[in-house]
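Take a look at the letters that make up each chain.
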Amino acid sequence: MTDAATQSAALDVRLVVGLEIHVQLATATKMFCRCKLEFGAPPNTRVCPVCLGMPGSLPVMNRRAFELAVRTAMALDCTVARFTKWDRKSYYYPDLPKNYQISQYDLPLGSAGRLTIPSADGTKDIRVRRAHLEEDAGKLLHEGAGATSQVDLNRTGTPLLEIVTEPDLSSPQEVGDFGRELRRLVRHLGVSEANMQMGQMRLEPNINLVIRKDGAEYRTPIVECKNLNSFRHVEAAVEYEAKRQLAEWQKTGVTIETGSKSTRGWDPDRGVTFLQREKEEAHDYRYFPDPDLAPVVMDDAWLADIRATVCERPIARRARYVAELGLDAADADQIVEERANADLFEAAATALPGGKGARRLAKLLLSEGNKRANERGGLLADLPIAAGRWAEVVALLEGSKISATAAGTVIDELLTRDDAPEAIARAKGLIQTSDAADLAPLIEAVLADNPKAVADAAGPKGAKALGPLIGQVIKKSGGSANPKVVQELLKQKLGL
Ligand SMILES: [Zn+2]
C-alpha cells in the first residue's frame, strides 16, 4: 500500500481486499444435466432441455462435482456441512435462460477455512469465509456485423466452486499470491485445470481503504472488480483502485456510510477500472430453496472417502523440500508448480542411494530436464525417463563418475532407450577416471613436459596457476580424467 500511502504523508492508509474466486470443476459433464463440458465446441451444441431451462425439465445433481467441491473445502480447512441445499438466485440476463441461477445461499458446503500463502516474512494465513457450488451462465458474443449480440449456451450449467475470503489481503502482491497459491492447490487436488485463458478460474476482488486522519477513521465504499482472468490484471486492478479511491475520497469525502457499493470492470489496455453498476444487495436476488432439487446429506463414510483424496498442500510440500531435502526455495517453487513434476522429483529422490543428492537432482531436473521438456512442448514428468533413471544419473554425478556435460549426453540417450545410465556412460566413454593410480603416469608426463607451468605454480600464484596443467592432464586422458581429482593430485605432487 505504499503508492497510495505516499500520496499523502499525513494520512495512514490501509488497503483492505477480500476475494471471490470462481473455479471451474474438472467434471466430464455439467452440474445438473448430462451435457458434456467441452471448451471450444460449436455454439449451442452442448445443451439440453435442463440447461436451456425448458419448462418441465428436472435437474439432477452431479455427484462428482459435489465431491470435488468438498475435497477442495477440506483442503482449505473448511468446516464441511453435513446438510446443504440448493437455492435459486433470481435475476434476468440474456445469458441465463432459466432467469435464475442454482447456487447455495445460506448453507454453503464449506465455511470458516483458511489458505496459507507465501509472504515476505514466511507465510500468512488468509481466512476463507465460505465455499459453495453453483452453475455458470452462458456467454454473450458481441461479434459479427451490426449492433447485435449472440448467445452461446454451451457454458450454462458448468459446475463452479465459488470461494470467498475474509478481507484479509492487504496488498496487490498478496492478492496475486493468494490466486496463484489457490491455483496450485486446486491443480494439485485434481479438482480443476484452472486454465486462466479458458476462464476456468476468475477472480473478483472487493476493495476499499481504511484511512486514518487526525484521530478519525474513514472507510471508502467497497468496489468489486468483476471477472478478472489473469493474476497480473487482478494485481493491477487492485493497485489502480487503491489510488483511485484515495483520490476520490480526498475530492468528495464520500465514505462507506454515505456512498454505495459498486461494480467496476477492468480495462487492461488503458490500465483503469470503469463503473459498471451500483451493486445489487442479496435481497435483490430473491433467494429461495430450489423445489426441484433434494438437499445433500453427507454421512461419515462419504466424508471419509473424500478426505482420503486430499493430498499434501503444495505450500507444505515446498517447505518440506527446503527443510528436509535442502532445496533452494526457488527450485522448490518450480518443482511444486506442477504436481506431476513434484511426484517425479519425490519418486527420484526416494531412489537416490543413501538419500544423497536431492538438491543436485532438483537442479538437474530444472535445467537439463526442463530444457528437453520445453523442446518437446510437454511437462518434465512427460519425458520418457523413469524416476529411478534420474536418480541413477544423479548418483553418477555425486560419485564424480561423470561430468555435468556428460550427464546431458546420458539424458539425451535415455530419451531414446531405457538403459542403465552407467552402462550408457561407459559405452560412450564418459566415465571419468578418478583412480589415482591410473592418473599418476599422466600427471608425471604433463609435469615433465610443462616446466614453465610448474614454475608458475611454484610461484606466488600457487594453486591458482594449476589450470593449464589440469587441462593438459584431461587432454592426455582423452577427456576422461576427473578434474577435481587431478587438481588434488597435482597439489599433492607439487606440495601446494
Ligand atoms: Zn444440459
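Our structure's up above, just so we're on the same page.
A short tour of the structure in this document, coming up. Just so you know, these numbers come straight off a predicted model, no measurement behind them.

1. Details of the overall build of the chain
And step 1. Each helix and strand in the chain was counted, giving 16 helices and 17 strands.
And step 2. Computed over C-alpha atoms, the radius of gyration of the chain comes to 31 Å, more than 25% over the 23 Å expected from 2.2 N^0.38 for 496 residues, which places it beyond the range of a compact globule.
And step 3. In terms of overall dimensions, the chain has C-alpha extents of about 95 × 60 × 55 Å along its principal axes.
And step 4. Residues classed as buried in the chain amount to 47% of the 496 residues present.
And step 5. Contacts in the chain between residues at least 24 apart in sequence constitute 67% of all its contacts with a sequence separation of at least 6.
And step 6. With an accessible surface of roughly 23,800 Å², the chain has 51% of that area assigned to carbon and sulfur atoms.
And step 7. Here the chain holds 65 positive side-chain charges and 68 negative ones, and the gap between their average locations is 2 Å.

2. Considering the coordination of the zinc ion
And step 1. Each protein donor to the zinc ion is listed here as Cys33 (SG), Cys35 (SG), Cys48 (SG) and Cys51 (SG); together their distances run 2.3 to 2.4 Å.
And step 2. Relative to the metal, the 4 donor atoms surrounding the zinc ion lie at angles of 100 to 115°, and the coordination shape comes out tetrahedral.
And step 3. Judged by its relative accessible area of 9%, Cys35 is buried.

3. Brief notes about the side chain of Arg264
And step 1. Mapped onto the secondary structure, Arg264 falls in strand S14 (residues 262-267).
And step 2. A polar side-chain atom of Arg264 sits 3.3 Å from a polar atom in the side chain of Glu241.
And step 3. Apart from the residues lying within four places of it in its own chain, the contact partners of Arg264 are Val223, Glu224, Cys225, Lys226, Glu241, Arg244, Thr273, Phe274, Leu275 and Gln276.

4. Remarks on the sheet that holds strand S4 (residues 87-90)
And step 1. Taken in spatial order, the 3 strands of this open sheet run S5-S4-S16, and their pairing is antiparallel. Of all strands in the sheet, those with a lone pairing partner are strand S5 (100-103) and strand S16 (288-289), marking the two edges.
And step 2. For S4 and S16, the ladder comprises 2 bridges, and the chain directions are antiparallel. Bridged to Arg88 within S16 is Phe288.

5. Some points on the pattern of salt bridges
And step 1. Summed over the entire model, instances satisfying the criterion amount to 51 salt bridges.
And step 2. Taking the shortest distance from any N to any O, the salt bridge between Lys363 and Asp328 comes out at 2.8 Å. One end of the pair, Lys363, is in helix H9 (residues 358-375); the other, Asp328, is in the loop between helix H6 (314-325) and helix H7 (329-336), with 35 residues separating them in the sequence.
And step 3. Residue classification places Lys363 among the partly exposed positions, given a relative accessible area of 35%.
And step 4. According to the relative accessible area criterion, Asp328 is partly exposed, its value standing at 27%.
And step 5. We note a salt bridge from Asp343 to Arg339, for which the minimum N-O separation is 3.8 Å. Of this pair, Asp343 and Arg339 both sit in helix H8 (residues 339-350), 4 residues apart, which is roughly one turn of the helix.
And step 6. According to the relative accessible area criterion, Asp343 is partly exposed, its value standing at 35%.

6. Overview of the packing of aromatic side chains
Geometrically, a pair of aromatic rings is defined through the distance of the ring centres and the angle of the planes.
And step 1. Evaluated as defined, the whole model comprises 9 aromatic pairs.
And step 2. Where Tyr91 meets Tyr285, the ring centres are 6.1 Å apart and the plane angle is 70°; that geometry is what we call edge-to-face. Separated by 194 residues along the polypeptide, Tyr91 in the loop between S4 and S5 and Tyr285 in the loop between strand S15 (272-278) and S16 bring together distant segments of the chain.
And step 3. Tyr285 gets classed as buried once you look at its relative accessible area, which sits at 13%.
And step 4. An aromatic cluster is defined as three or more aromatic residues linked by ring pairs; in this entry it consists of Phe32, Phe66, Trp86 and Trp302.

7. Observations concerning a nonpolar patch on the surface
And step 1. Residues Phe83, Leu107 and Val297 make up a contiguous nonpolar surface patch of roughly 260 Å² in combined accessible area.
And step 2. Tracing the backbone through its elements, the reader meets Leu107 in the loop between S5 and strand S6 (110-119).
And step 3. With relative accessibility at 31%, the residue Leu107 sits in the partly exposed group.

8. Notes on the nonpolar core
And step 1. Judged by nonpolar contacts, the single largest core of 66 residues is most densely connected at Phe66, Trp86, Phe178 and Leu182.
And step 2. Ranked by the residues each element gives to this core, the list is headed by helix H2 (residues 63-75), at 8 residues.
And step 3. Other than its neighbours up to four places away in sequence, Phe66 contacts Met61, Thr84, Trp86, Gln104, Leu109, Leu133, Val296, Met298 and Trp302.
And step 4. Residues Ile335, Leu344, Leu383 and Ile385 belong to the second largest nonpolar core, which totals 38 residues.

9. Looking at the environment of Thr273
And step 1. Position of Thr273 among the secondary structure elements: in strand S15.
And step 2. As for Thr273 and Arg114, which are separated by 159 residues in sequence, their C-alpha atoms are 29 Å apart.
And step 3. The residues contacting Thr273, other than those within four sequence positions of it, are Cys225, Ala237, Tyr240, Glu241, Arg244, Arg264, Gly265 and Trp266.
And step 4. In this structure the side chain of Thr273 is engaged in a polar contact, spanning 2.6 Å, whose partner is the side chain of Glu241.
And step 5. Within the local environment of Thr273, its side chain forms a polar contact with the side chain of Arg264, the two groups lying 2.9 Å apart.

10. Here's the deal with helix H16 (residues 483-494)
In an α-helix there are 3.6 residues to a turn, and that puts residues three or four apart on one side.
And step 1. Compared with an ideal rise of 1.5 Å per residue, which puts 12 residues at 16 Å, H16 spans 16 Å between its outermost C-alpha atoms and is within 8% of the ideal.
And step 2. Residues of H16 that are buried: Val485, Val486, Leu489 and Leu490. Take H16 and look down its axis: the buried residues cluster within an arc of 135°, on one side only. Facing away from the buried side of H16 by more than 90 degrees, the exposed set consists of Lys484 and Gln492.
And step 3. On its buried side, H16 packs onto helix H13 (436-449) and helix H15 (467-476).

11. Considerations on H8
And step 1. In a regular helix each residue adds 1.5 Å, so 12 residues correspond to 16 Å; H8 covers 16 Å between its end C-alpha atoms and thus fits that length.
And step 2. Buried within H8 we find Asn341, Ala342, Leu344, Phe345, Ala348 and Ala349. The buried residues of H8 all sit within an arc of 160° when viewed along its axis, so they share a single face.

12. Here we look at the environment of His22
And step 1. Inspection of the secondary structure puts His22 in strand S1 (residues 12-24).
And step 2. Under the relative-accessibility criterion, His22 is labelled buried at 9%.
And step 3. Put simply, His22 and Ala194 are 172 residues apart on the chain and 9.6 Å apart in space, counted from C-alpha to C-alpha.

13. Comments concerning unusual backbone geometry
And step 1. For Asn44, which is not glycine, the phi dihedral falls at a positive 60°.
And step 2. Tracing the chain through its elements places Asn44 in the loop between S1 and H2.
And step 3. The phi dihedral of Ser400 falls on the positive side, at around 55°, and the residue is not glycine.
And step 4. Among the structural elements, Ser400 can be located in the loop between helix H10 (387-398) and helix H11 (404-414).

Cut-off values and rules
- Residues numbered from 1 in each chain as written.
- Predicted model: local features only at pLDDT ≥ 70, side-chain atom pairs only at ≥ 80, totals over all residues.
- Heavy atoms only, no water.
- Helix = DSSP H or I, 4+ residues; strand = E, 2+ residues; numbered from the N terminus.
- Rg over C-alpha atoms; globule rule 2.2 N^0.38 Å.
- Buried < 20%, exposed > 50% of the residue type's maximum accessible area, 1.4 Å probe, protein only.
- Contact = heavy atoms within 4.5 Å.
- Areas by Shrake-Rupley, 256 points an atom, 1.4 Å probe, with all protein chains shown as cover.
- Lys, Arg positive; Asp, Glu negative; His and termini not counted.
- Charge placed at Lys NZ, Arg CZ, Asp CG, Glu CD.
- Donors = N, O, S within 2.8 Å, 3.2 Å for Na, K, Ca; no water.
- Tetrahedral: all angles 85-135°; square planar, octahedral: opposite > 155°, others 65-115°.
- Polar contact = N/O pair within 3.5 Å; in protein donor to acceptor, adjacent residues only side chain to side chain.
- Pairing = 2+ DSSP bridges.
- Salt bridge = Lys/Arg side-chain N within 4 Å of Asp/Glu carboxyl O.
- Phe/Tyr/Trp six-rings, centres within 6.5 Å; stacked < 30°, edge-to-face > 60°.
- Patch = residues over 30% accessible without salt bridge, like charges linked within 9 Å, V, L, I, M, F, W, Y side chains within 5 Å.
- Core = buried A, V, L, I, M, F, W, Y, C linked by side-chain atoms within 4.5 Å.
- Expected span 1.5 Å × (residues − 1).
- Arc of directions from axis to C-beta.

The quantities given are spatial measurements derived from coordinates; they are silent on function.
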